[in-house]
Amino acid sequence: MEVTKDKHPVEELTKDPVVIDQVKRLIHIAPLEKILNVARAHSLWPFGFGLACCAIEGLMAANMPRFDLSRFGYEVMRGSPRQADVMLVCGTVTHKAAPFVVRLYEQMSEPKWVIAMGSCAISGGPFVDSYHVVPGVDKLIPVDAYIPGCPPRPEAVIDGWLMVKEKILNPKVVSKVRG
Amino acid sequence: MADYSIPADLMEALKNKFPGLEIQENRDVIVPAADLIPFMSEIKDNQDYAMDFLTNLTGADYKDRFEMVYNLVSMTHGYTLMVKVRIEDKEKPEIPSLCPIWGGANWQEREIYDLMGIVFTGYTGHPTRIFLDDNFQGHPLRKDFQWQGGREA
Amino acid sequence: MKTQTYSLNLGPQHPSTHGVFRIILELDGETVVKATPVPGYLHRGIEKLAEARTYTQVIPYTDRMDYLAGMLMNWGYVQAVEKLMGIEVPERAEYIRVIVGELSRIASHMIATGAYGGDIGALTAFTYTFRDREYCIDLLEMVSGSRMTFSYFRVGGVADDLPGEFYPAARKFLADLPGMCDEYDGLITGNEIFQARTKHVGVITPEMGINYSLSGPTLRGSGVNYDLRKVRPYSVYDRLNFEVPLGKNGDCFDRFRIRIEEMRQCGKIIQQALDQIPEGSIQAKVPKVIKPPVGDAYAEVESSKGVYGCYLVSDGSPKPYRVHFRRPSFINLGYLAKLCEGWKIADVIAILGSIDIVLGEVDC
């Protein structure tokens, strides 16, 4: 739920105006969310979910010395979904792989974000006519950022990460068209 | 381009041994399905040919038949050979499996069974699907395979 | 007391399986009793898709099979089409093909070396080889415009000529290459722990290798001298001077060492090709719409993972009737089940890494 100065979670718990007034005066939640958002945005832990060619560029080359992702704090790649924040879907999702993609997404704990990288994850890519390919991972799980390309350059991947960072720091900016 | 085919006199000897053989002008050989296992054992074990490396095993779906294609190489002599086998029955295509002779035939035959539906007989528990789910209906590489999905209209 | 085996899933999502690949292990304690590999999680139906595209439109699909050595994948397919149509490729195009093909092989072996070090646990090796791969990819980007999926080959030649700044950059890279290989040797190969984990593990005998149709460094590690560039030379390889490194024992360590030696030999090949390259056209006279005559053809090249072949059937129309790719990783993987029996779980990872598979190629 969106936390602002006027709408406070305590209003759902009680209708007593005195209690509400005192709690609102003393306990400020919105700044707390802001601090948590700053902490989350600057140290996202990616989930290494490389399926196909995009994994070489997006997961491996972006972490390597030339296009260092650890300048931003995103180099801690975890193997287990329970310890990760961001699921970076790199590559084509097939019908045989779809059930476990959904299962891994559900195993991640909140808050979590998904980045769809490469045209196969966005919409099926060059294989969209195939009998075994899911046309885009957003048919299965909700996606927060899309990085087009086949495969996208590591600089584009870093740009995608920064978009997610902006989205976390400032949830309202998502409704504005990016110039 | 150098010529790596089997010399003509050795091919003659093969034709005498297996009268059902058909040798095409580009030196490809068409073998009847019944002679497949004896033919393959002959060219593998006989040291004149010594075709011990099975480099490719695949199939194709034509309008009136299936056709299996085998490519063989001899490590010692350097010969190459392409062998084709015609399967006339399109309802229930069957052909003996080469797994007892070459272990490398195992996965390639499973791929052809999965995608084309040709059944390989003579080896227990073989073939099973390898790429698609076990409950997938149909064989995608056949020309008459219909499926839904893909681009949204 | 009764014991029973335990079934463990080396699941589709795993940091060391080189992609979405699953092995179902039956374990007795930590020892593997039976291993069942399950591929197919990346099966995209490329062979079926190719029947709905024209001959030139299939070339980008071949890139995405073995994406680490994209140029070599293009080469096998294009050679099959040229064999079917009887086209002769001009000499300059052949030399360019050799140069970019060998650069692609270096890039692929660099990843194999680094990823294998990472699998065993030496993650630093990963950063070193990827850093050096960037120089290699820079050269390929100069030539084709793309870092990984090139689609640079065309039927009858290549798409564009080598730019002027390629020659000094390539010579600089070749001068640095022996130093890079020495660095990997010093970092990884001499390491005691690495040797203890890979020596005498996963031994492949030459007879089993030939019987199971293995090829590439997997087969040459056992001492079998089968390299297509020497046995049935194609393109201009018969004019170039190089050696084929062979292993002795057929274990994981030999397969790993061969790849580093092959990188040095690739450097020699590119040096000679740069010295010998003639002037000329880069593409033969090919009709605008490619319509091969009715018939079929099979052509093979030596890719970084093994023998890569393409079987093509044409019915006279602009689209292929049937395309089949003989993929080395797929066939090399057929031997994995037998190879893992009797080893521990950690050895399974070492064995799988030494075969060097790419899932895009296994599943096609």
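Above this text you will find the structure in question.
Quick notes on the rules
Residues numbered from 1 in each chain as written. Chains lettered and ligands numbered in written order. Predicted model: local features only at pLDDT ≥ 70, side-chain atom pairs only at ≥ 80, totals over all residues. Pairing = 2+ DSSP bridges. Helix = DSSP H or I, 4+ residues; strand = E, 2+ residues; numbered from the N terminus. Axes fitted to C-alpha atoms, helices over the stretch in contact; angles between N-to-C directions. Contact = placed C-beta atoms within 7 Å. Nonpolar A, V, L, I, M, F, W, Y, C, P; charged D, E, K, R; others polar. Core = buried A, V, L, I, M, F, W, Y, C linked by C-beta atoms within 7 Å. Buried ≥ 20, exposed ≤ 12 C-beta atoms within 10 Å, placed from the backbone. Parallel < 35°, antiparallel > 145°, perpendicular 65-115°, else oblique. Left-handed = near helix turned anticlockwise from the far one by under 90°. Expected span 1.5 Å × (residues − 1).

Draft legend 1. Molecular detail of the sheet that holds strand β8 (residues 322–326) of chain C. All names here are of chain C. Pairing is antiparallel across the open sheet formed by 3 strands, whose spatial order is β6-β7-β8. Two strands close off the open sheet at either side, each with one partner strand: β6 (295–302) and β8. Pairs of neighbouring strands in the sheet enclose a mean axial angle of 10 degrees, with direction left out of account. Where β6 meets strand β7 (residues 307–314), 8 bridges bridge the pair, whose relative direction is antiparallel. Its bridge partner being in β7, D296 is matched across the sheet by V313.

Draft legend 2. Seen up close, the interface of chain C and chain B. Taken together, the contacts link 25 residues of chain C with 24 residues of chain B. For the side of chain C that touches chain B, the secondary-structure elements that each account for two or more residues are α1 (46–50), α8 (206–211), β7, β8 and α12 (328–333) of chain C. Top element by residues in the side of chain C that touches chain B is β7(C). It accounts for 4 residues. The class makeup of the residues in the side of chain C that touches chain B is 11 nonpolar, 8 polar and 6 charged.

Draft legend 3. Spotlight on the nonpolar core. Membership of the largest hydrophobic core comes to 201 residues, with the highest contact counts inside it found for L88(A), V89(A), C90(A), I115(A) and M117(A). The element that contributes the greatest number of residues to this core is helix α4 (residues 91–120) of chain C, accounting for 15 residues. Among residues more than four places away in sequence, those in contact with L88(A) are P46(A), F47(A), F49(A), G58(A), L59(A), I115(A) and M117(A).

Draft legend 4. Structural context of the sheet that holds strand β1 (residues 6–10) of chain C. Residue and element names in this part refer to chain C. Ordered in space as β1-β2-β3, the 3 strands form an open sheet in which the pairing is antiparallel. Either end of the sheet is taken by a strand with one partner, and the two such strands are β1 and β3 (31–38). Each adjacent strand pair in this sheet contributes to an overall mean axis angle of 25 degrees, direction not counted. Judged from the 5 bridges that link them, β1 and strand β2 (residues 22–28) form a sheet pairing that is antiparallel. For L10, the partnering residue across the bridge sits in β2 and is I23.

Draft legend 5. Main features of the interface of chain C and chain A. Contact with chain C, which involves 27 residues of that partner, is made by 30 residues of chain A. Looking at the side of chain C that touches chain A, the element that brings in the most residues is helix α5 (residues 123–144) of chain C, giving 4 residues. Of the residues contributing to the side of chain C that touches chain A, the split by class is 13 nonpolar, 8 polar and 6 charged.

Draft legend 6. Quick peek at the packing of helix α6 (residues 166–189) of chain C against helix α11 (residues 252–276) of chain C. All names here are of chain C. Running from amino to carboxyl end, α6 crosses α11 at an angle of 165 degrees, the nearest separation of the two axes being 10 Å. Here α6 lies roughly antiparallel to α11, going by the angle between them. For the pair α6 and α11, the crossing hand works out as left-handed. Residue-level inspection shows Y167, A170, L174, L177, P178, C181, Y184, D185 and T189 of α6 in contact with α11, the latter providing R257, I260, M263, R264, G267, I270, Q271 and L274.

Draft legend 7. Representation of helix α3 (residues 105–116) of chain B. Under the 1.5 Å per step criterion, the end-to-end length of α3(B) is 16 Å for 12 residues, consistent within 8% with the ideal 16 Å. By the criterion of burial, α3(B) is predominantly enclosed, with 10 of the 12 residues buried. When we look at burial in α3(B), the residues that qualify are A105(B), N106(B), W107(B), Q108(B), E109(B), E111(B), I112(B), Y113(B), D114(B) and L115(B). Those residues of α3(B) that are buried are in contact with β3 (53–61) and β7 (119–121) of chain B together with α12 of chain C. Looking at the residues trailing α3(B), positive phi occurs at G117(B), about 90 degrees.

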